[in-house]
Amino acid sequence: MDPLTCLASLLLLFLLWLKVKGLEHVIVHQRWIFACLFLLPLSVLFDVYYYLRAWLILKMYSAPKLHDQRVRDIQRQVREWKKAGGNTYMCTGRPGWLTVSLRVGKYKKSYKNIMINLMDILDVDTKRQVLRVEPLVNMGQVTALLNSIGWTLPVLPELDDLTVGGLVMGTGIESSSHIYGLFQHICVAYELVLANGSVIRCTEEENSDLFHAVPWSCGTLGFLVAAEIKIVPAKSWVKLRYEPVRGLENICKRFNEASVNKENTFVEGIQYTLNSAVIMTGTMVDFPEPDKINRMGLHFKPWFFKHVEGYLTADRTGVEYIPLRHYYHRHTRSIFWELQDIIPFGNNPVFRWLFGWMVPPKISLLKLTQGETIRLLYEQHHVIQDMLIPMQHLQAAITRFHQEINIHPLWLCPFLLPPGRGMVHPKGQKEELYVDIGAYGEPKVKHFEAKASTRQLEKFVRDVNGFQMLYADVYMNREEFWEMFDGQLYHRLREELGCKEAFPEVYDKICKSARH
C-alpha cells in the first residue's frame with residue numbers, strides 16, 4: 001500500500017476514535033487545534049515523501065521508461081473493463097480527497113476506478129522550448145526544476161499542489177495570463193488513453209479536434225497520461241510595483257489599463273472593499289536593488305495579502321524585488337486568504353517564526369478530516385468560486401458580487417481569451433480580454449443562501465458571456481450549463497470516440513449532486 005494511503009488510513013482511524021470519545025466538537029469548533037497538532041506535521045511528511053520519491057526515481061530509474069510501463073498498465077485496466085462488459089463508467093482511481101478542489105466527488109464510489117500513478121517530469125527540451133510531464137506533476141515540482149535552470153512556464157498557476165492534469169482537464173490561470181491566456185493555451189500536445197484502450201497524441205496539427213476539446217472536459221474524453229507545455233527563459237527576480245486605488249470606477253479603469261499593457265509581465269489585483277484595491281504590476285529582471293529585496297517565500301514573512309494591504313492602509317505606492325519562485329507561490333502559505341479561517345492567528349509573527357515552516361496544511365488533508373458537519377457548514381456559510389468575466393463587464397460584475405455575497409478580499413486576474421473550438425472561447429470568436437474574479441471566504445450579506453446566491457451569480461455570468469470554473473460548486477441545471485459552455489465539438493467527439501458508454505458527461509461530474 002502507498003505510504004500516503006497508510007498515513008491517511010491511520011488519520012481516519014484517529015478521527016473515528018475522536019468521534020467515539022465525543023471529541024468531534026474539537027475538530028468542528030476549534031479546528032486550529034487539530035490543524036496545528038496533526039495536519040501541519042502530516043503535511044510536512046507528505047512533502048518529504050514526494051521529495052524523496054522524486055529524488056530516488058531521478059537517481060535509480062529512468063522516468064520515461066517507467067512512464068511507458070505505467071501507460072501500458074492503464075491500457076490494460078481499460079481493456080479489462082471493456083472485456084468485462086463496461087457496465088459502469090470509468091474514472092481515475094485517485095481518491096477524491098487528494099484533489100486540490102475542496103469538493104469531493106461521490107461518483108468515485110460507484111464508477112470503475114482506473115489506477116493512474118503518473119507524477120514525474122519526463123523531459124525538458126530547451127531547444128524546442130517544451131516541457132513533457134505526467135499529469136500528476138504539480139506546480140511546486142515544475143518551479144523547483146525549471147527556475148533552477150533558468151526557465152519557466154509562461155503561465156504558472158499559484159498553488160504548489162495544483163497538478164498539470166487538473167490544470168489541463170479543468171483550467172489554470174496566473175498573473176501572466178493577460179499575455180499568454182489560460183494554462184490550456186500554453187500546452188502544445190496531450191497524450192491520452194481512450195475508451196478503447198488505445199493511446200493517442202493530439203496537437204494543433206494532429207488530431208486537432210481532440211486537442212481543442214480536452215481542456216475543461218474533466219476527464220470525460222479519455223485519461224490524460226502526458227502533456228507537453230511551452231517553456232520560456234526566466235530571470236531570477238520579479239520587480240513588483242504596488243499601487244493603491246480607490247473608487248470602483250477608478251479601480252476598473254486602472255486595472256484594465258495595466259492589463260492591456262504588454263510591457264507588464266504580471267498583473268494582479270486584490271480588492272479589499274468595494275471601493276479600495278491594490279493593483280500590482282511586475283516584470284522579470286536579472287538583478288534587484290539591494291535595499292528593496294523581499295524574500296516573501298521565507299516562512300517567517302507576513303502572508304502576502306496582508307503585506308499588500310499595508311500599501312493600501314498607508315496609501316502609498318511601492319516597489320519590491322522578489323525571487324521568481326517566491327513570487328509564483330506568493331499565495332501558497334496562506335492559501336490566498338483561506339488559512340485565516342482555519343488558523344486565525346496564523347499571521348502572528350510568533351506563530352510564523354515558530355511554525356510557519358509547516359504552513360500551509362494540505363488542502364487534501366483538510367478535506368479528508370473535515371467531516372460531514374464541517375462540510376455542511378462550509379457549504380452554507382463559505383464561498384469558493386472563480387468566475388471568468390469579459391473585462392468590459394468588470395465594474396458590473398464586482399457590484400453584483402458585492403450585492404449577492406459581499407466577500408473581501410476579491411482576487412482579480414486578467415487573461416486573454418483567443419478564439420477557439422473547445423468549450424471556452426469568446427462568443428464573437430474574436431480575441432478578448434477577460435478577468436477572473438476569485439471569491440474565497442465567508443459572505444457578509446444578510447440571509448445568505450448558498451444555492452440561491454450562487455445561481456444569481458451564475459445567471460449574471462451567463463448573461464455577460466462569461467464562464468464559471470468547474471472546481472467549485474455548480475448549481476446550474478444541464479440546459480443552463482450548456483448555455484454557458486460550447487458543447488458542439490465536445491459532444492461530437494464523445495460520440496465518435498465511444499465516450500458515452502465509458503465516461504459520464506462533464507456536467508454529470510461537476511454538478512452539485514455528483515459531488516455530495
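First things first, this report covers the structure right here in the doc. Predicted model, so just to flag it, every value in this text is computed and none were measured.

Now for the packing of helix H15 (residues 394-404) against helix H16 (residues 450-463). When two helices pack together, their arrangement is given by the angle between the helix axes and by the axis-to-axis distance. Contact geometry of H15 with H16 gives a least axis separation of 10 Å together with a crossing angle of 170°. When the interaxial angle is binned, H15 and H16 end up roughly antiparallel. Contacts from Ala-396, Ala-397, Arg-400, Phe-401 and Glu-404 of H15 reach H16 at Ser-453, Gln-456, Leu-457 and Phe-460. Its residues assigned to classes, the contact of H15 with H16 shows five nonpolar, two polar and two charged.

Turning next to the nonpolar core. Formed by 150 residues in total, the largest nonpolar core has its most connected members in Leu-153, Phe-183, Tyr-190, Leu-192, Tyr-242, Phe-481 and Phe-485. Of the residues forming this core, the biggest block, seven residues, is contributed by strand S15 (residues 410-417). When near neighbours in sequence (up to four residues on either side) are disregarded, Phe-183 contacts Met-139, Leu-153, Val-155, Pro-157, Val-164, Leu-167, Val-168, Gly-172 and Ile-229.

Right, let's talk about the environment of Trp-482 for a bit. Structurally, Trp-482 is set in helix H17 (residues 478-484). In this structure the C-alpha to C-alpha distance between Trp-482 and Tyr-507, which are 25 residues apart in sequence, comes to 8.7 Å. Aside from chain neighbours lying at most four places away, what touches Trp-482 is Met-423, Gly-487, Tyr-490, His-491, Glu-505, Val-506 and Tyr-507.

The sheet built from five strands is open, its strands ordered S3-S4-S8-S6-S7 with antiparallel pairing. Edge positions in the sheet fall to strand S3 (121-125) and strand S7 (199-202), since each has one partner strand and no second. Strand-to-strand, the axes of this sheet are offset by a mean angle of 15°, without reference to chain direction. The strands touched by helix H5 (residues 139-146) are S3 and strand S4 (130-133); relative to S3, the strand with the most contacts, the crossing angle is about 35°.

Here the focus is empty space enclosed by the protein. Summed over the entire model, instances satisfying the criterion amount to two cavities of 30 Å³ or more. Within this model, the second largest cavity holds a volume of roughly 80 Å³. Taken together, eleven residues line the second largest cavity, and the ones lying closest to its centre are His-382, Val-383, Gln-385, Thr-454 and Asp-473. If you list the elements that add at least two residues to the lining of the second largest cavity, you get strand S14 (383-390) and H16. Examining the composition of the lining of the second largest cavity, we find that three residues originate from one element, S14, more than from any other.

Turning our eyes to something else, we now look at the environment of Ile-229. Residue placement: Ile-229 occurs in strand S8 (residues 223-230). Along the backbone, Ile-229 and Pro-154 are 75 residues apart, and their C-alpha atoms lie at a distance of 9.2 Å. Beyond its immediate chain neighbours, meaning those up to four positions away, Ile-229 contacts Gln-129, Val-130, Leu-131, Val-133, Leu-153, Val-164, Phe-183, Ile-186, Cys-187 and Val-188.

In this section: the pairing of strand S16 (residues 432-441). Here S16 lies mainly inside the structure; nine of its ten residues are buried. Both S14 and S16 contribute to a ladder of eight bridges, which runs antiparallel. In the sheet register, Val-383 faces S16, and the bridge partner there is Gly-441. Taken together, the eight bridges between S15 and S16 define a ladder with antiparallel strand orientation. Residue pairing across strands places Leu-412 opposite Ile-437, the latter belonging to S16.

With that settled, the discussion passes to unusual backbone geometry. In this structure, the amide linkage connecting Val-359 to the following residue, Pro-360, adopts the cis form with an omega of 5°. For Pro-360, the position within the fold is in the loop between helix H13 (349-355) and helix H14 (363-381). Here Ile-335, not a glycine, exhibits a phi torsion of approximately 45°, which is positive. Here Ile-335 lies in the loop between helix H11 (324-328) and helix H12 (339-342). Taking relative accessible area as the criterion, Ile-335 reaches 10% and is therefore assigned buried. The phi dihedral of Asn-465 is positive, around 65°, even though this residue is not glycine.

Cut-offs used in this document
Residues numbered from 1 in each chain as written. Predicted model: local features only at pLDDT ≥ 70, side-chain atom pairs only at ≥ 80, totals over all residues. Heavy atoms only, no water. Axes fitted to C-alpha atoms, helices over the stretch in contact; angles between N-to-C directions. Helix = DSSP H or I, 4+ residues; strand = E, 2+ residues; numbered from the N terminus. Parallel < 35°, antiparallel > 145°, perpendicular 65-115°, else oblique. Contact = heavy atoms within 4.5 Å. Nonpolar A, V, L, I, M, F, W, Y, C, P; charged D, E, K, R; others polar. Core = buried A, V, L, I, M, F, W, Y, C linked by side-chain atoms within 4.5 Å. Buried < 20%, exposed > 50% of the residue type's maximum accessible area, 1.4 Å probe, protein only. Pairing = 2+ DSSP bridges. 1 Å grid on protein atoms, 1.4 Å probe; cavity = no way out; pocket = protein on both sides within 12 Å on 5 of 7 lines; lining within 4 Å. Points joined across faces, edges and corners; volume = space filled by probe spheres on them.

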